[in-house]
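Fold and contact review
Residue-level listing of the chains:
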Amino acid sequence: MKHWWCYMGVIGFVLAGMFPSLGIAQPFTAITSGDLVTDNHPSWAGCWGDYDQDGDLDLFVANTNGVNNMLYQNQGDGTFRALRDEIVSNERGYSYDCAWVDYDGDEDLDLFVANSVKQENFLYQNDGKGSFSRVQAGAITTDSESSTSANWGDYNNDGYPDLYVTNCCGEPNSLYQNNGDGTFRKITEGAIVTDAYSSWSSAWGDYDNDGDLDLFVVNTNAQHNALYQNEKGTFVKVNHPLLSNDDGNSQSCTWVDYDRDGYLDLFVTNIGQVNYFYQNMGDGRFQRITNQIITSELNDSWNAVWGDFNQDGFEDVFIANNRANTLYQNYHGQGFVQVALGDSLPEDVSWNGAWGDYDGDGDLDLFVANATENNLFRNDAAQRVLPATAVSPHPPQAGQSSHREMLDTVPVPRTPVPSSQEPVHSGEIPADTTSPEPAIRLGSEMPKTTVYRIEVDGLPIFSEVTRSALVAEEAYSWGQCWGDYNNDGYEDVLVANSGQNTLYRNNGDGTFTPVRTGSSITRDEFDSWDCAWADYDNDGDQDVFVANSGKSVLYRNEGKARFTPIILNAFYKNRYIVRSVDWGDFDNDGYLDLYLGTGSGQPNMAFRNNQDGTFLPLVDINIVSHWQSASQVKWVDYDNDGDVDLFIANCCNENNQLFRNMGKYGFQEIPFGGKASGGNSQRFAWGDYNSDGYLDLIVFN
């Protein structure tokens, strides 16, 4: 529970007084040329997606009033080409929303468009070659309602994205369950599809952290909004005292963990009244936030889109209003400050926005859908001035307060490094060039996943990769794991992020493509710390375990980039913060067992593989009897006796641990001294540095 809103109000007031416009000199540049911003159409929404799989984001714009929708293809040079002859751009409608998804599991993006005024909705199937065909069979495309939004989500955890469509004007909303064969079944029972209101938007989110997606729906005309709790694939309408009883003219809703405490909070935009912001208290209760700038300004707000535009790990928010749009920077979960975009803000009726890194430079750009000409704002991160704050680099854990001390907050410019100098990665000490040891120099400072160029004695042995989806996508990443999930002979990589993780397919030519699947492996909203690939079920493909803050998940590889979360009581009954994971066959039975290192002062966990897809938690064994805070765990055969031993690096003034595998006699803890014994260890690595046939150990404290 959190009791710090009085303090937050003071912080918000002080920040607003110190930085009325944040002191940022034009962080965004308005793009003023090209079809994307000069086509004069009444646009209701835009959605980014790499439909042609060329490594950059394209944009689909949903237009209304009987005007053709439009697909804009990213040319890779910062410009877009309007594809006016493509089928998706040649069907006139009253389109209110659009959403990309790979609904048929063929690893390319398909498109759904929600239409109003009793018009059939559009579902377009991507043929994988950059062309589309319209699907015209099934209720998902033959229902003729007044649809206002479309939202994909795998609510039944079968690895296939399902679709929820909101309808206005007293018409029930629609839920279409993906059958996994390219068809959908319309769900006809339950309040989630029988309530008849004037609904404008919905948002999937696991607000109760029980492993499945719940749904929030906003209604207009002073009607109650609705919260539907997912109970193993069946929805129960929750009469929440706040969320379900704040009457208003609500237009949109978004689940977002704005304070990074591991629980999804809720933001709702309204017309003719202030917006609603609800903080998730973590125990099923919400507290309405009323003393923040984003809930005190009275605007006609149509939509809000959240995205970390300044790459500090906290979600910021853009709000599309009836006239003057607003952008608010999130100050590490402590408050919000309005960011001025200068004269580039449109004085138009704006209906929606969409964040996306269209130029591949690693930061989020912004598209705004307007009643006339649309707007595109390029994020110029290199010229941006960011605040310097004394903030912990680690996010708060579930159940902890998000209060953090903010000291001497002042704008500090990021000075570009002259081309004649090699920049040093943030937090690193430059190598002593007078040392006889080879100097190792790292690449440009970038708060995102980075592949570094390494030079030894001035000779490059690696080249820095800068034009790849693997390093271009912005995220707050904590870990990564390599594995050939599609058995094509090339190592792919899963990046563990705060929020949604990202799976990158290795194309075999030095490039990577983000895998946009409906699987929850890339839709996990927890703070993920680590991951590990392994063929735990011996079926010939790589499965993956993801270590999370709150609830960790094992995903079984079903092929074709589809992963099924395996609901095992052994993993779910204790929601510890798992910071590290490793697979190892410690009992030499031919099946990989699992070890989890917790970072919450809780005992670590070991699971024996039962060879039938299930696991047995081990409790009466010394490798799980210690209550410590593990930073990293690793199985390794350090004594060359044919079975794997276990090393655990602990932080927080706790000793590291080495357990020798004694076979049928269990594990023997091996004492050792020196700095490797720990105290505040974060990482370690085994390697035979002296080539004597035995693994040596380096520990980072």
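Residues numbered from 1 in each chain as written. Predicted model: local features only at pLDDT ≥ 70, side-chain atom pairs only at ≥ 80, totals over all residues. Heavy atoms only, no water.

1. A short note on the overall build of the chain
Operational definition: Think of it this way: any DSSP run of H or I at least four residues long counts as a helix, any run of E at least two long counts as a strand, and we number them from the N terminus. Exposed residues in this analysis have more than 50% of their type's maximum accessible area, buried residues have under 20%, and partly exposed residues fall in between, with area computed by a 1.4 Å probe over protein chains only. Working rule for contacts: check all heavy atoms of both residues, and any pair within 4.5 Å makes them a contact. Only the protein chains shown count as cover for residues, and the accessible areas themselves come from Shrake-Rupley with a 1.4 Å probe.
Tallying secondary structure elements over the chain gives seven helices and 56 strands in all. By the burial criterion, 57% of the 701 residues in the chain qualify as buried. Sequence-distant contacts, at least 24 apart, represent 48% of the contacts inside the chain between residues at least 6 apart. Summing over all exposed atoms, the chain offers an accessible surface of approximately 28000 Å²; the carbon and sulfur share of this is 50%.

2. Comments concerning the sheet that holds strand 45 (residues 578–584)
Strand pairing in a sheet relies on backbone hydrogen bonds. The paired strands run either parallel or antiparallel. What counts is decided by this rule: Each pair of strands is called paired provided DSSP finds at least two bridges between the two strands. Helix axes use the C-alpha atoms of the stretch in contact, all axes being lines fitted to C-alpha atoms, and the angles between their N-to-C directions lie in the range 0 to 180 degrees.
The antiparallel open sheet is built from four strands, whose spatial order is 45-46-47-48. The sheet is open, and its two borders are formed by strand 45 and strand 48 (615–618), each paired with just one other strand. In this sheet, adjacent strand axes meet at a mean angle of 20 degrees when their direction is disregarded. Sheet topology places strand 45 next to strand 46 (residues 593–598); six bridges connect them, and they run antiparallel. Each residue of the ladder has a partner; that of valine 578, found in strand 46, is threonine 598.

3. Topic: the pattern of salt bridges
Quick note on the threshold: A carboxyl oxygen of Asp or Glu within 4 Å of a side-chain nitrogen of Lys or Arg is what we treat as a salt bridge.
Applying the stated rule across the entire model yields 16 salt bridges. Between aspartate 283 and arginine 285 there is a salt bridge, with the nearest N and O atoms lying 3.1 Å from each other. Exposure remark for aspartate 283: the relative accessible area of 41% places this residue in the partly exposed category. Salt bridges sharing partners connect three or more residues here, namely Asp35, Asp39 and Arg84.

4. Things to note about the confidence of the model for the chain
As a general rule, the predicted coordinates of low-pLDDT regions are not to be interpreted in detail. Selection criterion: pLDDT expresses, on a scale from 0 to 100, how confident the predictor is about each individual residue.
Here the chain averages 79 in pLDDT, and 76% of its residues register 70 or above. Every residue in residues 382–448 is under pLDDT 50, and counting partners more than four places away or in other chains gives 133 contacts.

5. What to know about the environment of valine 495
Position of valine 495 relative to the elements: it lies in strand 38 (residues 492–497). For the pair valine 495 and serine 477, spaced 18 residues apart in sequence, the C-alpha to C-alpha distance is 6.7 Å.

6. Points about the pairing of strand 24 (residues 276–280)
Extensive coverage of strand 24 is indicated by the burial of five of its five residues. The alternating pattern of strand 24 places Tyr276, Tyr278 and Asn280 and Phe277 and Gln279 on opposite faces, both of which are buried. When strand 23 (residues 265–270) meets strand 24, the two strands line up antiparallel, connected through three bridges. Within strand 24, the position partnered with phenylalanine 267 by the bridge is phenylalanine 277. Between strand 23 and the antiparallel strand that follows it, strand 24, lie five residues; glycine 272 among them carries a positive phi value of about 75 degrees.

7. What about the environment of asparagine 322?
Summarising the element assignment, asparagine 322 is placed in the loop between strand 27 (316–321) and strand 28 (326–330). Each C-alpha atom, one on asparagine 322 and one on tryptophan 302, is 7.2 Å from the other, the two residues being 20 residues apart in sequence.

8. So, the sheet that holds strand 5 (residues 70–74)
Within the open sheet, the four strands sit side by side as 2-3-5-6. Their pairing is antiparallel. Strand pairing shows two members of the sheet lacking a second neighbour, strand 2 (43–49) and strand 6 (80–82), which therefore form its edges. Averaged over all pairs of adjacent strands, the angle between their axes in this sheet comes to 20 degrees, without regard to strand direction. For strand 3 (residues 58–63) and strand 5, the ladder comprises three bridges, and the chain directions are antiparallel. Counterpart to valine 61 in the pairing with strand 5 is methionine 70.

9. With respect to unusual backbone geometry
Positive phi is not limited to glycine here, since cysteine 169 has a value of about 65 degrees. Take cysteine 169: it is sitting in the loop between strand 15 (162–167) and strand 16 (174–178). What makes cysteine 169 exposed here is its relative accessible area of 57%. The backbone of asparagine 538 shows a phi angle near 55 degrees, a positive value even though the residue is not glycine. Mapped onto the fold, asparagine 538 is located in the loop between strand 41 (527–534) and strand 42 (543–549). A residue is classified by how much of its surface remains accessible, and asparagine 538, at 39% relative accessible area, is partly exposed.

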